Amino acid sequence: MELNITSVNDLEQCAKTMLDYCKDKRVFAFYGEMGAGKTTLIKELCKALQVTDQVNSPTFSIINEYQTADDMVVYHFDFYRIKNEEEAVNIGCMDYFYSGSYCFIEWAEKIHNLLPSDSVKAEIHFINEERIVRITS
Amino acid sequence: MNKDIYILGIESSCDDTAAAVLKNGYVLSNSIANQSIHKLYGGVIPEAASRAHMQNIIPVVENAMSIAGISKKELAAVAFTRGPGLLGSLLVGSSFAKAFSMGLGVPIIAVNHMQAHVLAHFIRDDTKKGVPTFPFLCLTVSGGHTQIVLVSDFFEMKVVGETTDDAAGEAFDKIAKTMGVPYPGGPLVDKFALAGDPNRFVFTHPKVAGFDYSFSGLKTAVLYLVRDGVQANSDFVQDNINDICASAQYTIVEILLAKLKLAAAHYKINTIAVAGGVSANSLLRKRLLTDGEKLGWNVFIPDFGYCTDNAAMIAMTGYLKFLNSDFAAQDSAAKARLSIGN
């Protein structure tokens, strides 16, 4: 599936469509260059899931944990600073991926081999001032 | 009470494993695990020192104790970072602290990492001009955090503004990355900026409500500037790096100060403190002092060693909690998600 985002006003609908399309999925791997809008899209997905915490970039913290209005937990990862997959394993990322909670993963290419086989792949392309989100699951 | 109080502090919330010993609030030692500490104690040297807390913790505690020159039996308590941070990292520090204190028969003290950044200002140092008086505002700016904290008392803190996307330090690092400077390149931006024109490129300020921040838009603006510039001139970055750095740094500092000034006026507070690694930035320090002087602020900037993640701030917070007999139980759990009010 492909979703086009031409302005920030499209984000809310895009997030809802994504969650609806991948209703039974919990692990979402995001791909896209720096500035593509990975964090921005994840913020919107969290909003759609009724996350009550401030959603911000986990580049330094690597894992952010959020609570939703109905007491669910959502995990937000950023593997930008990770040097190899072993580091990610040592952090315990596998426990999170198979926890059954929503996991939104930025820079998923850094831990390609650790992703569960049923992860959703979301690629964000930035072409001619428009963002295209390509979703495969 | 005349007895000296020695506190061991342990920090392991994210990348660094650190230990420090304080005597009555004065720093005796403040160690961070690195290759040289491993060499000193003949341990295995991990390939990636970052986040290898399990290998780091014993050598770094040994190092801090030996520099402090006291015996373990003299310790009054062991303070550790309970959160927020990476759960796996926190668990190493908290488990070590529990076992160590149990062996020594002394209490443990659970410390909130974000409170500790603020309380680093109270580390005793007779060469300093003094400590902030309550209430004050603390701007905590680092690679992972950007917060304005209203501090009413030692343990009465409230976040009144924070970043809604990237941290200020992250903006520095990522802007450096767009110009090919390896991550984390924030300190190099400061260096290049010294020779650049801060008004050469104009970046818009984010529109965020209240005292909150946003730095993601600036990151993207620099990215586009570089992308378009390189299309027209392949040497664009090389030719303009000083001006790009100066302009971006100027914008980040302007954004930081604008909300801080708003918050100071709103709460009618003129005691302003700064914490976190970005407080090493030369322009931020300068502007805090010059703008602060015009506004009648009393500005507090701690030594750099107490700005970045460190164990002295954990031990200092532990000392203040010790005076309140605020001890933790052995079943106190590490928490990845912990707000500054807890």
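The rules behind each value
Residues numbered from 1 in each chain as written. Chains lettered and ligands numbered in written order. Predicted model: local features only at pLDDT ≥ 70, side-chain atom pairs only at ≥ 80, totals over all residues. Heavy atoms only, no water. Core = buried A, V, L, I, M, F, W, Y, C linked by side-chain atoms within 4.5 Å. Buried < 20%, exposed > 50% of the residue type's maximum accessible area, 1.4 Å probe, protein only. Helix = DSSP H or I, 4+ residues; strand = E, 2+ residues; numbered from the N terminus. Contact = heavy atoms within 4.5 Å. Pairing = 2+ DSSP bridges. Axes fitted to C-alpha atoms, helices over the stretch in contact; angles between N-to-C directions. pLDDT = per-residue confidence, 0-100. Expected span 1.5 Å × (residues − 1).

## Focus: the nonpolar core
All names here are of chain B. Counting residues in each nonpolar core, the largest one holds 47 residues, and the members touching the most others are Ile 148, Ile 252, Leu 256 and Leu 260. Looking at this core element by element, the count peaks at 15 residues for helix H8 (residues 236–267). When sequence neighbours within four positions are dropped, the list of residues in contact with Ile 252 reads Ala 168, Ala 171, Phe 172, Ile 175, Phe 215 and Leu 218. In terms of nonpolar packing, the next biggest core, distinct from the first, is built from 36 residues, Ile 7, Ala 18, Met 316 and Ile 340 among them.

## Some details on the sheet that holds strand S1 (residues 6–11) of chain B
Residues and elements named next belong to chain B. Spatial ordering of the open sheet is given by S3-S2-S1-S4-S5, a layout of 5 strands whose pairing is mixed. With one partner strand each, in any of the chains shown, strand S3 (26–32) and strand S5 (108–112) form the two edges of the open sheet. This sheet shows a mean twist of 20° between the axes of neighbouring strands, independent of strand direction. Running at roughly 160° to strand S4 (residues 75–83), helix H3 (residues 87–104) makes contact with S1, S4 and S5 of the sheet. Here helix H10 (residues 312–323) sits on the sheet and contacts S1, strand S2 (18–23), S3, S4 and S5; the angle it forms with S1, its principal contact strand, is near 130°.

## Let's talk about the confidence of the model for chain B
The share of residues in chain B with pLDDT of 70 or more is 96%, and the mean pLDDT across the chain is 94. Predicted complex, confidence summary: ipTM 0.90, pTM 0.93.

## Concerning helix H2 (residues 53–68) of chain B
Residue and element names in this part refer to chain B. Compared with the 22 Å implied by 1.5 Å per residue over 16 residues, the 21 Å span of H2 between its first and last C-alpha is a close match. Those residues of H2 that fall on the buried side of the exposure criterion are His 53, Asn 56, Ile 57, Pro 59, Val 60, Val 61, Asn 63, Ala 64, Met 65 and Ala 68. At its buried positions, H2 is contacted by S1, S2, S3, helix H1 (35–40), S4 and H3. At the C-terminal side of H2, Gly 69 shows a positive phi close to 70°.

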